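The residues making up each chain are set out below.
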Number of protein chains: 2
Amino acid sequence: MTTAAYSSLLAHTRRTATLGSIDALVSWDQETYLPPSGAAFRAEQMSLLAELTHTARTDNRVGEWLSACESDAALKPDPLAQANLRELRRDFDRATKLPTELVAEMAKVGSQSQEAWKHARANNDFKHFEPWLEKMFALMRKKAECYGWAAGGEVYDALLGEYEPGASAKEIEAVFTPLRGRLANLVARYAGAKNKPSDAVLSKLIPADKQHAFGQAVLKAIGFDFQAGRLDTTAHPFCSGMAPGDTRLTTRYRDEHFSDALYGSMHEAGHGMYEQGLPKDKYFGQPIADSISLGIHESQSRMWENFVGRSREFWVFALPLARQHFGDALPQTTVDELYRAVNTAKPSLIRVEADEATYNLHVMIRFELERALLRGDLKVKDLPGEWNKRYKDYLGIDVPSDAKGCMQDVHWSFGLVGYFPTYTLGNLYAGQFWEKINKDIPDLSSRMEKGDFAALKTWLNTSIHAHGKRYRAGELCQMLTGKPLSADPLLNHLQRKLDGVYGV
Amino acid sequence: MTTAAYSSLLAHTRRTATLGSIDALVSWDQETYLPPSGAAFRAEQMSLLAELTHTARTDNRVGEWLSACESDAALKPDPLAQANLRELRRDFDRATKLPTELVAEMAKVGSQSQEAWKHARANNDFKHFEPWLEKMFALMRKKAECYGWAAGGEVYDALLGEYEPGASAKEIEAVFTPLRGRLANLVARYAGAKNKPSDAVLSKLIPADKQHAFGQAVLKAIGFDFQAGRLDTTAHPFCSGMAPGDTRLTTRYRDEHFSDALYGSMHEAGHGMYEQGLPKDKYFGQPIADSISLGIHESQSRMWENFVGRSREFWVFALPLARQHFGDALPQTTVDELYRAVNTAKPSLIRVEADEATYNLHVMIRFELERALLRGDLKVKDLPGEWNKRYKDYLGIDVPSDAKGCMQDVHWSFGLVGYFPTYTLGNLYAGQFWEKINKDIPDLSSRMEKGDFAALKTWLNTSIHAHGKRYRAGELCQMLTGKPLSADPLLNHLQRKLDGVYGV
């Protein structure tokens, strides 16, 4: 079923992906082992790789091969080829729709704007940032117009599509709205609880090297393959599934509060096991060996971090292991104390420090505001006021400064718009998959207590990872759970767990 | 003084060098942190980078720019431009002289031949390796003929030029011959000494992490800049001056015999300080920011390893530092014991385990034999006999097997011919520079005892490193020391030191 054009297209795609994998390694090195004085030249290496990759992605021959393949009857019966062609066409069209000057301007203004944001945040000076944020949203609107969006959709969809192919603002709104209401209710419910959990038990002084050894043991137990991956230390944790057989995680250690590094590592390992589960050995460079979307990616990291890592069953398994590594630091701690400690839920100011439940409220505020800014329904100058109003409405808290308010995240400063909702989409998909998994593996709880995560990993491997980008996120969700994405499974999970923890 | 063609040429050269720097990082990662399962795909990344680099180096425009520059009167008065043009012309001509099929054949046969060598060495079966070695020397002759050599020279020069531009077999012979005779005499002299030093004091069990901390402290003291470099662990130590501000060393630790890792690290740091001293910040990608030759490179590593590291003065400084790191492992050791221990000199079978003095005899045997093989004066089938004869003649020892004889080194198996003499050239240059340095810095001994290596490093920086490839090795030697390269300084250094150590 292979035609000459299809072979050429796949060979070229693999070459482009190989360049991408080199770029990923160079980026990883920049965060891990690059000596400080090497930073200036590193930018030159990255820019050369970006140029080579862009040239490869926009090569005219890709368009010719695609046209030949799309009208090739021999490829029609092959669903994998059809999935590849659908996604490669989409990539090529998007890559060729942006004028070179716009790409250059976004890079230049984005970098200046990010500097302005740093300065403005440090000095709590929104006025300094305001003109830059205006420029960035104007550029993002231009970008969105180049991409275009489906009939009945809106400008936001064009940017969202970069991270969540096939999703629309309207669909997201339809799931987020009930989620927001019920979450706000839950927050109020636990605020009034008498028997609130404490996380004091997590504040132990544990040296980084012991935390690292414990983290590695946990990751090995849940199924991350260290023959095909690593765990290193960086300022900001990330996962890079950079190449076949090579998936690298990073985390960070604070001597206090060891659960931060643990959950950071489990989160990244969730991303990493998705990358390791993709059929890259066979199809590297083809969409059918690539992940579906950021939302589905995040569903994997959140599942291991929250649904597994913050379960009581996990601590039945992990407490003895922690004792092995931490020696005297956890002498009289019980499973229940740990379980309660890692499941405190209370409104807070900063998204990245928020708990499993309230985190989604932070995300929804950003989704609503960036959507309004992009449409023009909200002016940049009115952003701080709107931000603070929503933090009061949804989370019940007062924002003391723009630095800890609408300037807390770096994303918008360099044009990352349409990205935020994927965090909560990840939680929602994780919730819906988790519900189904527990039906398919009825004894999962008792398996987890024994440190047996193999059936869970196999389920994820065969149901999600093995397909690569063959299905869109919504399609996969429908196929696996029999329903479109809904807020109910996540809300049910949170309420069931937190009602227990808070005794309400 | 800059013309358009020269600007274009330099921009292209920088781009090519940037590709090379990416290749160097990817190679470094392969030896340090690559997970085992990533090895297969790594080959694909390396091959893409090799292809991109080759395409850039042989780009037709380079030839056009070079011709334009060579006839450009405006560039004539600029000695840096002239040095660049001389070297870039040489690189371009060499790169375009090899037919693509020959390059591919050398790569393919070289890889098969290396496999055959592994097998033959493991089974002490020279007959198995013989046909492959014949093929490799035939290919190397072809390669040499493509390159060509200067009038009055010989086929060997063409290959030697890859590693030691401007050098000839005849010149090397003229220096090696007296060296060989006097070294053989020295060896005999110490074999008869009554008060032989012992290296038993070096056989301490010291854990790798302590050795690593000590090694880093020594490297910091001698002047390796860790803001612009790193020290990691690999199976085989190396130095990669991969980019401006980024020079990476590796070493290996055995729990026993801590001096191995120490001298390995000092050796690589010598290479590393050369790389850090090159004017890459200003001229990266241009020959005037590149090292002169492997011989000069090796002179830097050998100087820090042997002339500094094996001096009594060094141990006056380093013993207290070693005690700080190794605690109780060196309680009653004295400076003199250590100094004598690291300066034992006795004939041995294996090159990489040889001492500072006899090492050169191993190298000279290889130079003589590979030169004879290339010329056709020696048949591959007669190699083992000739090898063993020379080990008896020069070193006075019997070779028990070809595995530990003519098959001990990997070099020839994949076509590294003309490379060996650079090891001894390095020792010779180091000796001649060292003599001059001690005239220019008369109190160097007392400085070293205090751990003050700054004046030495500055001398190397300004006299050697700063020039990049502006001068050829022989020219630099004449300029700095007033004499052409000679065996006397190295021999005088060895005899002065070893006479003391052996009490003869």
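About the cut-offs
- Residues numbered from 1 in each chain as written.
- Chains lettered and ligands numbered in written order.
- Predicted model: local features only at pLDDT ≥ 70, side-chain atom pairs only at ≥ 80, totals over all residues.
- Heavy atoms only, no water.
- Helix = DSSP H or I, 4+ residues; strand = E, 2+ residues; numbered from the N terminus.
- Buried < 20%, exposed > 50% of the residue type's maximum accessible area, 1.4 Å probe, protein only.
- Contact = heavy atoms within 4.5 Å.
- Areas by Shrake-Rupley, 256 points an atom, 1.4 Å probe, with all protein chains shown as cover.
- Lys, Arg positive; Asp, Glu negative; His and termini not counted.
- Charge placed at Lys NZ, Arg CZ, Asp CG, Glu CD.
- Salt bridge = Lys/Arg side-chain N within 4 Å of Asp/Glu carboxyl O.
- Axes fitted to C-alpha atoms, helices over the stretch in contact; angles between N-to-C directions.
- Parallel < 35°, antiparallel > 145°, perpendicular 65-115°, else oblique.
- Left-handed = near helix turned anticlockwise from the far one by under 90°.
- Nonpolar A, V, L, I, M, F, W, Y, C, P; charged D, E, K, R; others polar.
- Pairing = 2+ DSSP bridges.

Caption draft 1: Structural detail: the overall build of chain A. Per the secondary structure count, chain A includes 21 helices and three strands. Structurally, chain A occupies a C-alpha span of about 65 × 50 × 50 Å along its principal axes. By residue count, 57% of the 504 residues in chain A fall in the buried class. Residue pairs at least 24 apart in sequence account for 73% of intrachain contacts in chain A once pairs closer than 6 positions are excluded. Of the roughly 20,300 Å² of accessible surface on chain A, a fraction of 51% belongs to carbon and sulfur atoms. In chain A, the 61 positive side-chain charges and the 64 negative ones have mean positions that sit 3 Å from each other.

Caption draft 2: View of the pattern of salt bridges. The tally for this structure, following the rule as stated, stands at 84 salt bridges over all chains. The closest approach of N and O atoms between A:Glu87 and A:Arg86, which form a salt bridge, is 2.9 Å. Here B:Asp382 ties to B:Lys381 by a salt bridge, and the two come within 3.4 Å at their closest N and O atoms. Among the residues examined, B:Asp382 registers a relative accessible area of 34% and is labelled partly exposed. Several salt bridges share partner residues, and in doing so they unite A:Glu154, A:Glu173, A:Arg371, A:Arg375 and A:Asp377 into one network.

Caption draft 3: Structural context of the packing of helix α15 (residues 359–375) of chain A against helix α17 (residues 421–440) of chain A. All names here are of chain A. Where α15 contacts α17, the axes come no closer than 8 Å and their chain directions differ by 135 degrees. Here α15 lies oblique to α17, going by the angle between them. Read as a crossing pair, α15 and α17 show a hand that is left-handed. Residues Tyr359, Asn360, Val363, Phe367 and Glu370 of α15 lie in contact with α17, whose contacting residues are Pro421, Tyr423, Thr424 and Asn427. In the contact of α15 with α17, the residues fall into five nonpolar, three polar and one charged.

Caption draft 4: How the structure looks around the environment of A:Val62. Within the secondary structure layout, A:Val62 lies in helix α3 (residues 60–70). Along the primary structure A:Val62 and A:Met46 are separated by 16 residues, whereas in three dimensions their C-alpha atoms are 24 Å apart.

Caption draft 5: How the structure looks around the sheet that holds strand β2 (residues 239–243) of chain B. Residue and element names in this part refer to chain B. Reading across the sheet, the three strands line up as β1-β3-β2 and stay open at both edges, with mixed pairing between neighbours. Each edge of the open sheet carries a strand with a single partner, namely β1 (229–233) and β2. Direction aside, the axes of adjacent strands within the sheet are offset by 20 degrees on average. As paired strands, β2 and strand β3 (residues 246–251) are joined by three bridges and run antiparallel to one another. If you follow Cys239 over to β3, its bridge partner there is Leu249. Each of β1, β2 and β3 touches helix α1 (residues 4–32); the most contacted strand, β2, lies at about 140 degrees to it.

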